[in-house]
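Spelled out, the chains give:
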Amino acid sequence: MSFEPKNPVVKWVDHRLPIFGMLHHALYDYPTPKNLSYWWTFGSLAGFMLVVQIVTGIVLSMHYTAHVDLAFNSVEHIMRDVNYGWLLRYMHANGASMFFIVVYLHIFRGLYYGSYKAPRELLWWLGLVIFLLMMATAFMGYVLPWGQMSFWGATVITNLFGAIPVVGDTIVTWLWGGFSVDNPTLNRFFSLHYLLPFVIAGVVILHIWALHHHGSNNPTGIEIKDKQDSIPFHPYYTIKDLFGMGIFLIFFSAFLFYAPNYLGHPDNYIPANPLVTPAHIVPEWYFLPFYAILRAVPDKLGGVLLMFGAIAVLFALPWLDKSRVRSARFRPIYKQLFWIFVIDCVILTYVGGKPAEEPYILIGRLATVYYFLHILVLLPLVGLFEKHKPLPASISEAVLDKKPAAEGASNA
Amino acid sequence: MLKMIKSISAAAVLSVMAITGANAAGGNIDYKSVDWQHTGIFGTYDRSAAQRGAQVYREVCAGCHGLELVAFRTLTDLGFTEDEVKAIAAEYEFVDGPDDEGEMFDRAGKPFDKFPAPFANEKAARASNGGAYPPDLSLIVKARPGFENYLYSLLTGYEDAPEGFELPVGMNYNAYFAGHKIAMAAPLSEDAVEYSDGTKASVDQMAKDVTVFLAWAAEPKLEERKNMGLKVILFLIVLTGIFYAAKRKIWSDVH
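Residues numbered from 1 in each chain as written. Chains lettered and ligands numbered in written order. Predicted model: local features only at pLDDT ≥ 70, side-chain atom pairs only at ≥ 80, totals over all residues. Heavy atoms only, no water.

1. Some remarks on the packing of aromatic side chains
Residue and element names in this part refer to chain A.
So, point 1. Under the counting rule described, the total for this entry stands at 48 aromatic pairs over all chains.
So, point 2. With a centroid separation of 6.1 Å and an interplanar angle of 20°, the aromatic rings of Tyr194 and Phe198 are classed as stacked. Of the two residues, Tyr194 and Phe198 are both situated in helix α9 (residues 183-214); the distance of four residues between them amounts to about one turn of the helix.
So, point 3. Judged by relative accessible area, which is 33%, Tyr194 ranks as partly exposed. (Phe/Tyr/Trp six-rings, centres within 6.5 Å; stacked < 30°, edge-to-face > 60°. Helix = DSSP H or I, 4+ residues; strand = E, 2+ residues; numbered from the N terminus. Buried < 20%, exposed > 50% of the residue type's maximum accessible area, 1.4 Å probe, protein only.)

Dropping the structure here:
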């Protein structure tokens, strides 16, 4: 299907700047595997959440004041005096959690179906870059209300850079803009918190560009071979994604309207006080697995390296995974290892929120060892020794084969 | 689809357990549990309890604790009339100015003012309270693990210290305070206030009433939020149903 506009204005513009043709190609007749399950909905949902965060964030920033003496009360001003300010703020705060839920599901889907394998390594890398930018943005956003957890979270995380040999202290002072977390820190965090989402948006465009170059992976992990295997993105996946978005919005609304503080921490309703340290400094839930890895090492520098290493190894995944079969559907051993890895990540999340005492220290260390064992040892070995199940000849064949069987039995 | 729902629910249950476990860190005390009228999906603040609670705050708590985020005008949310709000505001004195001569002057509070802090600054507050700093109560219900139940338990949790418990001079024993040593003496005593609606002002009653009032102070938009949530979710269920029907129709020709 080529793009032949009928509207004369569209025609005139597209002849000079083929932007409508490009959008048509990307959102309308983009050939998509016809067997994508609902696990593929989370990509567009992540894009949707980025838009929600940017829109609510821009309005919030119109009412927020980035100053250590005023920030806390300006947030309460939003909650009490700004029309629908409570809605905007709860949407933004819970939206960050929703964004991470969606992105984590999106990443695990990629792990299960081998979406990072050639020729999609750069697509995977760009996704990880988005993930890193999201973490930086969320961390700085959590500092802005200037509550106790804001302040002490900022103190703990920025101090991590002090572990760098020789220049550590200098770097921390440079990050703070002074000799402690203070007004200059809050101001620069606000500035960067406003900037980074637009950087994310830019990388998202690259991510989609790379995606559309080779097309989406699919539950069989087999490339599209002929016309029978694919359907146009619109209307098939626009409507499927809209349905998925409806379900997701109901889930989001349940938190937003009925438990808006459930994912937060009560201490952040206490104004920041540099003289009083909270009993337990806990980061937001989406950082807990990494916090657990950080604390698993008794040495500060070692912990910091391991924590960043936990994400760095994900960049090497396309080369660590030796299997030529993408989808776990045809990899009986990898499939089981995948679910053990998921459980391992849940355990890390749990331990990350617990005080640093036994038995959590031991559990955290074991779970950390397993995290790296899975990626650095098990994954390469399984790829070499695993006997995969027979692959279907094409996506169409896989879909037709499945039809007579019970529908729920699919590997969706 | 079915399998996916199963996987997602399993993951959700695990994650909620992980996060709940995480948030429970540090809050290991079991608080007394009260069935508050404003919790739950259709919950609304108990107006008469909140009005009585406002009286408890003004006559008992306000001596040491501020409520600096709450404007008098918002008291109409709790069913106070405009005249009552004006009268409550006028009980407090505010420094205003400068006037045309450049002088600061005192004036009675107006509805747009907020409940003032009882002390000029933290040092003055500590000097009057044996070194302890009575926190502002505007957000207290949201700022403590256990929330309403914590505050109610704390207010009704004063006991004699168990034998062998070392209580420093000027401290009081409270079963629900972290470490059990609290500088605040038991604030409520029988008939500390006289309720105009005839309710008996027992310690338990006053503790419940002031907790409802402070829950409202911390989350004044709770009713608006739940009300909107119900409409939004009902709308989304219908919309999602339409999307699902459309999806079935559109996909019916894919084989």
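2. Considering a nonpolar patch on the surface
So, point 1. A contiguous nonpolar surface patch, about 670 Å² in accessible area, is contributed by Val369, Leu373, Leu376, Val377, Leu381, Leu384 and Phe385 of chain A.
So, point 2. Considering the arrangement of structural elements, one finds Leu376 of chain A in helix α15 (residues 360-385). (Patch = residues over 30% accessible without salt bridge, like charges linked within 9 Å, V, L, I, M, F, W, Y side chains within 5 Å. Areas by Shrake-Rupley, 256 points an atom, 1.4 Å probe, with all protein chains shown as cover. Salt bridge = Lys/Arg side-chain N within 4 Å of Asp/Glu carboxyl O.)

3. As for the side chain of Gln53 of chain A
So, point 1. Within the secondary structure, Gln53 of chain A sits in helix α3 (residues 41-63).
So, point 2. A polar contact of 2.9 Å, which involves the side chain of Gln53 of chain A, links it to the backbone oxygen of His92 of chain A. (Polar contact = N/O pair within 3.5 Å; in protein donor to acceptor, adjacent residues only side chain to side chain.)

4. Points about the confidence of the model for chain A
So, point 1. For chain A, the mean per-residue pLDDT works out to 94, and 97% of the residues sit at or above 70.
So, point 2. Low confidence marks residues 405-412 of chain A, where pLDDT is under 50. Its contacts with residues over four positions away, or in another chain, come to 13 contacts. (pLDDT = per-residue confidence, 0-100. Contact = heavy atoms within 4.5 Å.)

5. Considering empty space enclosed by the protein
All names here are of chain A.
So, point 1. Scanning the model with the defined rule gives five cavities of 30 Å³ or more in all.
So, point 2. Estimates place the volume of the largest cavity at around 920 Å³.
So, point 3. What lines the largest cavity is a set of 43 residues, and nearest its centre among them are His92, Ala93, Gly141, Tyr142 and His193.
So, point 4. Elements that contribute at least two residues to the lining of the largest cavity include exactly α3, α4 (71-80), α5 (85-112), α6 (121-143) and α9.
So, point 5. Examining the composition of the lining of the largest cavity, we find that eight residues originate from one element, α5, more than from any other.
So, point 6. Broken down by class, the residue content of the lining of the largest cavity amounts to 27 nonpolar, 13 polar and three charged. (1 Å grid on protein atoms, 1.4 Å probe; cavity = no way out; pocket = protein on both sides within 12 Å on 5 of 7 lines; lining within 4 Å. Points joined across faces, edges and corners; volume = space filled by probe spheres on them. Nonpolar A, V, L, I, M, F, W, Y, C, P; charged D, E, K, R; others polar.)

6. A closer look at the nonpolar core
So, point 1. Of all hydrophobic cores here, the largest spans 170 residues; its most connected members are Tyr371 of chain A together with Leu75 and Leu214 of chain B.
So, point 2. Looking at this core, the element that brings in the most residues is α5 of chain A, giving 15 residues.
So, point 3. Look past the residues within four positions of Tyr371 of chain A in its chain and what remains in contact with it is Ile293, Ala310, Val313, Leu314, Phe341, Asp344, Cys345 and Leu348 of chain A. (Core = buried A, V, L, I, M, F, W, Y, C linked by side-chain atoms within 4.5 Å.)

7. Concerning unusual backbone geometry
Glycine aside, negative phi is the norm for most residues, and most peptide bonds take the trans geometry.
So, point 1. The linkage connecting Ala118 of chain A with the following residue, Pro119 of chain A, adopts the cis geometry, with an omega of 5°.
So, point 2. Structurally, Pro119 of chain A is set in the loop between α5 and α6.
So, point 3. Along the chain, Gly97 of chain B connects to Pro98 of chain B via a cis peptide bond; the corresponding omega equals 0°.
So, point 4. Even without glycine at this site, Trp146 of chain A takes up a positive phi of about 55°.
So, point 5. Structurally, Trp146 of chain A can be placed in the loop between α6 and α7 (148-160).
So, point 6. In this structure, Phe147 of chain B takes a positive phi of about 50° despite not being glycine.
So, point 7. Of note, Phe147 of chain B is situated in helix α5 (residues 147-155).

8. Details of the packing of α5 of chain A against helix α14 (residues 332-352) of chain A
Residues and elements named next belong to chain A.
So, point 1. The contact between α5 and α14 brings their axes to 10 Å, and the two run at 155°. Between α5 and α14, the crossing angle belongs to the class labelled roughly antiparallel. Of the two elements, α5 crosses α14, and the hand of that crossing is right-handed. In this structure, α5 contributes Phe108, Leu111 and Tyr112 to the contact, and α14 contributes Tyr334, Lys335, Phe338, Trp339, Phe341, Val342 and Cys345.
So, point 2. The residue makeup of the contact of α5 with α14, split by class, is nine nonpolar, no polar and one charged. (Axes fitted to C-alpha atoms, helices over the stretch in contact; angles between N-to-C directions. Parallel < 35°, antiparallel > 145°, perpendicular 65-115°, else oblique. Left-handed = near helix turned anticlockwise from the far one by under 90°.)

9. Quick look at the interface of chain A and chain B
So, point 1. Opposite the 57 residues of chain A that make contact, chain B presents 53 residues.
So, point 2. For the pair chain A and chain B, the summed buried surface comes to about 4900 Å²; carbon and sulfur atoms form 71% of the total.
So, point 3. There are one salt bridge connecting chain A and chain B.
So, point 4. Note that Asp81 of chain A and Arg73 of chain B form a salt bridge whose closest N and O atoms lie 3.1 Å from each other.
So, point 5. For the side of chain A that touches chain B, the secondary-structure elements that each account for two or more residues are α4, α5, α10 (233-258), α14 and α16 (395-402) of chain A.
So, point 6. Element by element, the count of residues in the side of chain A that touches chain B is highest for α10 of chain A, at 16 residues.
So, point 7. Residue composition of the side of chain A that touches chain B, grouped by class: 38 nonpolar, eleven polar and eight charged. (Buried area = accessible area lost by both parts, 1.4 Å probe.)

10. Section: the pairing of strand β1 (residues 67-71) of chain B
Within a regular strand, the side chains alternate between the two sheet faces.
All names here are of chain B.
So, point 1. Burial analysis of β1 places four of its five residues in the buried class, the great majority of the element.
So, point 2. Alignment of β1 against strand β4 (residues 114-115), held across two bridges, turns out to be antiparallel. What sits directly across from Leu67, in β4, is Phe115. (Pairing = 2+ DSSP bridges.)

11. A closer look at the pattern of salt bridges
So, point 1. Using the criterion set out here, one finds 19 salt bridges over all chains in the structure.
So, point 2. One salt bridge connects Glu219 of chain B with Lys142 of chain B, and the closest N-O pair in it is separated by 2.5 Å. One end of the pair, Glu219 of chain B, is in the loop between α6 (203-218) and α7 (222-251); the other, Lys142 of chain B, is in the loop between α4 (122-128) and α5, and 77 residues separate them in sequence.
So, point 3. What makes Glu219 of chain B buried here is its relative accessible area of 8%.
So, point 4. Relative accessible area serves as the criterion here: at 8%, Lys142 of chain B is assigned to the buried category.
So, point 5. Across the salt bridge formed by Asp191 of chain B and Lys200 of chain B, the nearest N and O atoms sit 3.4 Å from each other.
So, point 6. For Asp191 of chain B, a relative accessible area of 49% gives the class partly exposed.
So, point 7. Sharing partners across several salt bridges, the network here consists of Lys117, Asp321, Arg331 and Glu386 of chain A.

12. Concerning the state of the cysteines
So, point 1. Under the counting rule described, the total for this entry stands at zero disulfides over all chains.
So, point 2. Note on Cys61 of chain B: no disulfide assigned, nearest cysteine sulfur contributed by Cys64 of chain B at a separation of 9.1 Å. (Disulfide = S-S within 2.5 Å.)

13. Examining the environment of Glu284 of chain A
Residue and element names in this part refer to chain A.
So, point 1. By secondary structure assignment, the location of Glu284 is in the loop between α10 and α11 (288-296).
So, point 2. Residue classification places Glu284 among the buried positions, given a relative accessible area of 9%.
So, point 3. Between the C-alpha atoms of Glu284 and Asp69, which are 215 residues apart in sequence, the distance is 24 Å.
So, point 4. Setting aside chain neighbours within four positions, we find Glu284 in contact with Tyr142, Leu263 and Gly264.
So, point 5. Side-chain polar atoms of Glu284 contact the side chain of Tyr142, separated by 3.4 Å.

14. What to know about the side chain of Ser150 of chain A
So, point 1. Within the secondary structure, Ser150 of chain A is located in helix α7.
So, point 2. Ignoring any residue separated from it by four or fewer positions in sequence, one finds Ser150 of chain A in contact with Tyr142, Val143, Pro145 and Asn268 of chain A.

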